[in-house]
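Coordinate analysis (summary)
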Amino acid sequence: MTKGVKICLAVVGVVFAVSAVLTFIFLHSTGKDTENGSVWVEIVQDNKVLYKLDLSAEEDRTFRVEASDGGWNDITIKDHQISVSDADCPDHTCVKNGILRYEYLPIICLPHKLIVRFCDGGGA
Amino acid sequence: MSTKRLAELSMLTAAALIVFIVELRFPDIIPIPGVKLGLANIFTVYAVYRFKAKEVFLMVLTRVILGSVFSSNLSALLYSFAGAMACLAGMLLLRRIIPIRYIWLCSIVGAMLHNTGQMIVAVAVMRSPAVLPFYPILLTAGCIAGAFTGICARLILRRHIQDE
C-alpha cells in the first residue's frame, strides 16, 4: 500500500465517519414543538416565504402551489401533518418524501424550487 | 480513435445505459432524493482504468445525456452532469495514485465527488442552503454504493485481464 493510497483511505474514512454521525443526528431530530404546542412550518418557493402555517391549528385541507414555470405541487395537511401529495414534475421526489418529519430535512422539490420545512413561530 | 476502440466504448455506453434504465425500475430503498446505487458507474470506474481520459469523458457524456432522455427527466440533466463530471475528474486524477488493486477506493472517492457536484448545483439552483442537510446523508450512502460499484468493476477487470 503506497502513501497515496493511505492518504486517500484516511480521507475517505474520516468523511464517512463524520457524515454517518451527521446522518444519524438528522434522522433522529423529529419535528419540534414549541412550548405552547404550536408547530410552525413554512412553504418557501424561489427563496420567498409563501405560507407560514401553524400545523396544530390547521384544518385538514389540500391546496395547490403554482411554480413560475407553470408547474404545480399539491400540498396536503392531514391530522396536523403536512406533505406534498401530488406534483407535475417528472421525478416526484417530493411526493415520495411523504410527511414532513425531520427538523433539519425539509421536503424539497428541486424542479419547482419549493421547500416545506419547520420554522420558528410568531409573526404569521 | 480506432474503430475497435470506438466499438468498445459504444458497447460499454450501451451496457451502462441498460443498467441505468433497469435501475430506474428498482423501488426506492430510502425515500431521500439522490440516494441510489448508481450501478451504471460500474462501467465508468472500469473505463477509467482501461481507457484514455478523453475516451472515458466521451463515454460518460453520452451516457448522461442519453440517460436523462430515456428516463424523460431532463430537469435532472444538470445535476447528473455536474455529478458525473466531478466524479470523472476526481477518478482520472486518482488513477495515477491508486493502483487497480484498490479500485474500490477510487470508486468511493468518485461517488463522494458525484454527490458534491450535485449538491453544489442544487444549492446554486435553489439559491438557498436548505438542501445542505441532505449532503451527509448522500455522502454516507455514496460511500457504500461507491464501494459496491468499485468491487463490481474490479470483478469485471479481473475477468477481462484473464481473457487477454
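Structure: above.
Let us look at the structure shown here. (Residues numbered from 1 in each chain as written. Chains lettered and ligands numbered in written order. Predicted model: local features only at pLDDT ≥ 70, side-chain atom pairs only at ≥ 80, totals over all residues.)

1. Details of the overall build of chain B
Spelled out, the test is: A helix here means a DSSP run of H or I that spans at least four residues, while a strand means a run of E at least two residues long, and both kinds are numbered starting from the N terminus. Atoms counted for the radius of gyration: C-alpha only. Globule rule: 2.2 Å times the number of residues to the power 0.38. Three exposure classes are used. Buried residues have 20 or more other C-beta atoms within 10 Å of their own C-beta, exposed residues have 12 or fewer, and partly exposed residues fall in between, all C-beta atoms being placed from the backbone. A residue pair is marked as a contact if its C-beta atoms, positioned from the backbone, fall within 7 Å.
Looking only at helices and strands, one finds six helices and zero strands in chain B. Reading the secondary structure of chain B in the N-to-C direction produces α-α-α-α-α-α. Taken over the C-alpha trace, chain B has a radius of gyration of 15 Å; the compact-globule value for 164 residues is 15 Å, and the two agree within 12%. By its C-alpha atoms, chain B is 50 × 30 × 30 Å across when sized along the principal axes. Out of the 164 residues in chain B, the part that is buried amounts to 43%. Of the contacts formed within chain B by residues at least 6 apart in sequence, a portion of 75% connects residues at least 24 apart.

2. Digging into the interface of chain A and chain B
Put simply, the test is: Put simply, Ala, Val, Leu, Ile, Met, Phe, Trp, Tyr, Cys and Pro go in the nonpolar bin, Asp, Glu, Lys and Arg in the charged bin, and everything else, Gly too, in the polar bin.
Across the contact, 28 residues belong to chain A and 29 residues belong to chain B. Broken down by element, the side of chain A that touches chain B gets its largest block of residues, 12 residues, from helix H1 (residues 3-27) of chain A. Counted by class, the side of chain A that touches chain B contains 17 nonpolar, seven polar and four charged residues.

3. Quick notes on the sheet that holds strand E4 (residues 72-78) of chain A
Residue and element names in this part refer to chain A. Rules: Paired strands are those between which DSSP finds at least two bridges. Working convention: axes come from line fits to C-alpha atoms, limited for helices to the stretch in contact. Angles between N-to-C directions cover 0 to 180 degrees.
The strand order E3-E4-E5 describes an open sheet built from three strands, whose pairing is antiparallel. Each edge of the open sheet is held by one strand with a lone partner, namely strand E3 (61-66) and strand E5 (81-87). Going across the sheet, the axis of each strand differs from the next one's by a mean of 30°, ignoring polarity. Here E3 runs beside E4; their pairing, made up of six bridges, is antiparallel. Across the sheet, residue valine 65 finds its bridge partner in E4, namely asparagine 73.

4. Some remarks on helix H3 (residues 53-70) of chain B
Residue and element names in this part refer to chain B. Worth spelling out the cut-off: An expected span of 1.5 Å times one less than the residue number is assigned to each helix. This arc corresponds to the set of directions leading from the helix axis out to the C-beta atoms.
Over its 18 residues, H3 extends 25 Å from the first C-alpha to the last, a length consistent with the 26 Å expected when each residue adds 1.5 Å. Among the residues of H3, Val56, Met59, Val60, Arg63, Val64, Gly67 and Ser68 are the ones counted as buried. Within H3, the buried residues cover an arc of 145° as seen down the axis, which keeps them to one side. Opposite its buried face, H3 presents the exposed residues Lys54 and Val69, each directed more than 90 degrees away. The inward-facing, buried residues of H3 abut helix H1 (3-24), helix H2 (41-48) and helix H4 (77-97). The first or second residue beyond H3 is serine 72, which carries a positive phi of 45°.

5. Notes on the sheet that holds strand E2 (residues 48-54) of chain A
All names here are of chain A. With respect to topology, four strands assemble into an open sheet ordered E2-E1-E7-E6, the strand pairing being antiparallel. Edge positions in the sheet fall to E2 and strand E6 (107-109), since each has one partner strand and no second. When the angles between neighbouring strand axes are averaged without regard to direction, this sheet yields 15°. The pairing of strand E1 (residues 40-45) with E2 spans six bridges and is classified as antiparallel. Along E2, the bridge assignment pairs glutamate 42 with lysine 52.

Keep in mind these values describe shape, not function.
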